[in-house]
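This is what each chain is made of:
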Amino acid sequence: MPIVIKNGRVIDPASSSDRVADVLIVDGRIAGVAPNLSSPKAEVFDATGMIVAPGFIDMHVHLREPGFEHAENIESGSRAAAAGGFTSVCCMPNTKPVNDSATVTSYIVQQARAKAAVNVFPIGAITKGSAGEELSAIGAMKSAGAVAISDDGLPVMNARVMRRAMEFARSYDLPIIQHCEDLNLSAGGDMHEGAQSVRWGLRGIPAASEDVMVARDLVLAQLTGARYHVAHISTRNAVAMVEYARRQGLPVTCETTPHHFTLTDQEMAPYDSNYKMKPPLRASCHRDAIVSALASGTIAAIATDHAPHPGSEKMQEFERCPFGIIGLETALALALEELVAPGRITLTRMVEAFTTGPESVMRLGRGTLAPGAPGDVTVFSTEVDWTYDVNQSFSRSRNSPFHQRRFKGGPMATVVDGEFRWKR
Ligand SMILES: [Zn+2]
């Protein structure tokens, strides 16, 4: 059935358009954006007072399938994505088995086709088992549907291996996404190294553990010409180095997470593992640099790093808990409240960070409302009052520091391939 989304403020950065109009979707594709559109038998959604944007892309999630379905699976994670306003997600390969072969990539693609509420694009591992030693079957994974390579969760520590991986990524024209952490510098750390870690007696992860890896990789990116992307960037120096590399014309990009532009180590609840993630929440000078880089466009994308862990794992002592939090259902509301409402970035810039930004890195053929584009649309409000209750989450996990936070603004409806997959 066709869909008409009526009277919304349509923001489509890909065509530099921002105006009140209707969006018509027919046969799963965008048929037109104009005032007074209609179609016989169309399902009508009244978006008066709301924003209508291209479907949001989250280029960094962990769906935990195969292997950790007690934490999340493709169905539950994709439903959380839809409820967060995302129409496409890219899932990291640190499953069990690791997605380091065409077999696992194909399995994810098939499961997604059968069960997912949104588009799911697998990211293949850089190295076998993400062990950092032997390159995985990159070409075969690409043929099976992988859209990028990454060993996320772990860095590729060996510079020689990373150089070879970049050469392969370049020859297959895939982005290579690095989890930037020098494991020797961060070893044993549980939170950002600074005054707060000293106060709480926890071992620190220095900003330098991220910075030295970004520095090394930018040298290798220059050497190889690979499309290199820094996952979840979190430090002032890392941002400055990426900015420098981009000014030199290197095809280098980065993303940040909602928690890194929202929280600092000062706002952590003591020893609460819902504030434990990698990279850790940094000091405010780093957070401020992240916000500025989002405003300037040095940071291309907001990505959640949605990392579900079941309560049994997150309720241990702080030092024993795994890193990571869920984030799909709160990302848009946090961006509206923390970035747009205070005037730190414009609404259009925020929409870019969820659409054209990740699209420019991942090249999924999405992120636009141009006629003929896939019928993926995100409808959201800057006014709606709601409270996030993690116990109502579509995710199978509950590890969020934003439980019971009251929000102004958030997703209202999510359309994927011309079908409503979620409505508030
Ligand atoms: Zn990571």
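The structure displayed is predicted, hence computed values, not measured ones. (Residues numbered from 1 in each chain as written. Predicted model: local features only at pLDDT ≥ 70, side-chain atom pairs only at ≥ 80, totals over all residues. Heavy atoms only, no water.)

**Comments concerning the coordination of the zinc ion**
So, step 1. Coordination sphere of the zinc ion, protein contribution only: Asp-152 (OD), His-179 (ND1) and His-232 (NE2), at 2.0 to 2.3 Å.
So, step 2. Counting the intervening residues between successive donors of the zinc ion yields the motif D-x26-H-x52-H. One end of the pair, Asp-152, is in the loop between β9 (149–150) and α4 (159–171); the other, His-232, is in the loop between β13 (228–230) and α8 (236–247), and 80 residues separate them in sequence. Of the two residues examined, Asp-152 and His-232, each falls in the buried class. (Donors = N, O, S within 2.8 Å, 3.2 Å for Na, K, Ca; no water. Helix = DSSP H or I, 4+ residues; strand = E, 2+ residues; numbered from the N terminus. Buried < 20%, exposed > 50% of the residue type's maximum accessible area, 1.4 Å probe, protein only.)

**Details of the sheet that holds β9**
So, step 1. Spatial strand order, β9-β10-β13-β14-β15: five strands in an open sheet with parallel pairing. Edge positions in the sheet fall to β9 and β15 (301–302), since each has one partner strand and no second.
So, step 2. In this sheet, β15 lies alongside strand β14 (residues 252–256) in parallel orientation, the contact comprising two bridges. Its bridge partner being in β15, Thr-256 is matched across the sheet by Ile-302. (Pairing = 2+ DSSP bridges.)

**Points about the side chain of His-286**
So, step 1. Considering the arrangement of structural elements, one finds His-286 in helix α10 (residues 284–296).
So, step 2. Leaving out residues up to four positions away in the same chain, His-286 has contacts with His-192, Ala-207, Ser-234, Thr-235 and Arg-236. (Contact = heavy atoms within 4.5 Å.)

**Considerations on the packing of α4 against helix α7 (residues 207–224)**
The axes of two packed helices give the description: the angle between them and the distance between them.
So, step 1. Contact geometry of α4 with α7 gives a least axis separation of 10 Å together with a crossing angle of 45 degrees. One way to sum up the angle between α4 and α7 is to call them oblique. In terms of crossing hand, the pair formed by α4 and α7 is right-handed. Residues Ala-159, Met-162, Arg-163, Met-166, Glu-167 and Arg-170 of α4 pack against Arg-216, Asp-217, Leu-220, Ala-221, Leu-223 and Thr-224 of α7. (Axes fitted to C-alpha atoms, helices over the stretch in contact; angles between N-to-C directions. Parallel < 35°, antiparallel > 145°, perpendicular 65-115°, else oblique. Left-handed = near helix turned anticlockwise from the far one by under 90°.)

**Some thoughts on the environment of Ala-125**
So, step 1. Mapped onto the secondary structure, Ala-125 falls in the loop between β8 (119–122) and α3 (138–144).
So, step 2. Those residues in contact with Ala-125 that lie beyond four places of it in its chain are Pro-93, Val-98, Asn-99, Asp-100, Ser-130, Ser-136, Met-141, Ile-149, Ser-150 and Asp-151.

**Here's the deal with helix α12 (residues 331–340)**
So, step 1. Taken across its 10 residues, α12 has nine buried, putting it largely inside the fold.
So, step 2. Taken as a whole, α12 has its buried residues at Ala-331, Leu-332, Ala-333, Leu-334, Ala-335, Leu-336, Glu-338, Leu-339 and Val-340.

**Some points on the pattern of salt bridges**
So, step 1. This structure, assessed with the given rule, holds 21 salt bridges.
So, step 2. Glu-134 serves as the salt-bridge partner of Lys-128, at 3.0 Å between the closest nitrogen and oxygen.
So, step 3. Where salt bridges share partners, they join Arg-163, Arg-164 and Glu-167 into one cluster. (Salt bridge = Lys/Arg side-chain N within 4 Å of Asp/Glu carboxyl O.)

**Regarding the confidence of the model for the protein**
Low-pLDDT stretches of the model should not have their predicted coordinates read in fine detail.
So, step 1. Averaged over every residue, the pLDDT of the protein is 97; residues scoring 70 or more account for 100%.
So, step 2. No element of the protein has a lower mean pLDDT than helix α11 (residues 311–314), which averages 84, and none a higher one than β13, which averages 99. (pLDDT = per-residue confidence, 0-100.)

**Some remarks on the sheet that holds strand β6 (residues 56–61)**
So, step 1. Strand order in the open sheet formed by three strands is β6-β7-β8, and the pairing between neighbours is parallel. The two strands at the open ends of the sheet, each matched to only one other strand, are β6 and β8. Within the sheet, the average angular offset between the axes of one strand and its neighbour, ignoring direction, is 20 degrees.
So, step 2. Inspection of the sheet shows β6 paired to strand β7 (residues 86–91) by four bridges, in the parallel sense. Pairing of Asp-58 across the sheet is with Val-89, part of β7.
So, step 3. Sitting on the sheet, helix α2 (residues 102–115) is in contact with β7 and β8, with an inclination near 180 degrees to β8.

**Considering the nonpolar core**
So, step 1. With 112 residues, the main nonpolar core has Ile-5, Ile-176, Tyr-228, Met-350, Val-379 and Phe-380 as its most contacted residues.
So, step 2. Ranked by residues supplied to this core, first place goes to α12 with eight residues.
So, step 3. Among residues more than four places away in sequence, those in contact with Phe-380 are Met-50, Ile-51, Ala-53, Phe-56, Leu-332, Leu-336, Leu-347, Met-350, Val-351, Gly-410, Pro-411 and Met-412.
So, step 4. Judged by nonpolar contacts, the second largest core, of 16 residues, contains Met-59, Ala-231, Ala-301 and Val-361. (Core = buried A, V, L, I, M, F, W, Y, C linked by side-chain atoms within 4.5 Å.)

**As for the packing of aromatic side chains**
So, step 1. A complete count under the given rule lists nine aromatic pairs for this structure.
So, step 2. Relative to Tyr-172, the ring of Phe-168 lies with its centre 6.3 Å away and its plane at 25 degrees, an arrangement referred to as stacked.
So, step 3. Residue Phe-168 is classed as partly exposed on the basis of its relative accessible area of 38%.
So, step 4. Since its relative accessible area comes to 31%, Tyr-172 is described here as partly exposed.
So, step 5. Among the aromatic side chains, those forming a connected cluster through ring pairs are Phe-56, Phe-86, Phe-354 and Phe-380.
So, step 6. Of note, Lys-276 hangs over the ring of Phe-323, and the distance from its end group to the ring centre comes to 4.6 Å. (Phe/Tyr/Trp six-rings, centres within 6.5 Å; stacked < 30°, edge-to-face > 60°. Lys NZ or Arg CZ within 6 Å of the ring centre and 35° of its normal.)

**Quick word on α7**
Since one α-helical turn is 3.6 residues long, residues separated by three or four positions face the same way.
So, step 1. Taking 1.5 Å per residue, 18 residues should reach 26 Å; α7 reaches 26 Å between its end C-alpha atoms and fits that length.
So, step 2. Once α7 ends, the next one or two residues include Gly-225, with phi positive near 75 degrees. (Expected span 1.5 Å × (residues − 1).)

**So, the pairing of strand β5 (residues 51–54)**
So, step 1. Note: strand β1 (residues 3–12) against β5, two bridges, orientation parallel. By the bridge assignment for β5, Val-10 is matched with Val-52.
So, step 2. Two strands pair when backbone bridges link them, and β5 and strand β16 (residues 377–387) are joined in this way by four bridges, in the antiparallel orientation. In the sheet register, Pro-54 faces β16, and the bridge partner there is Val-377.

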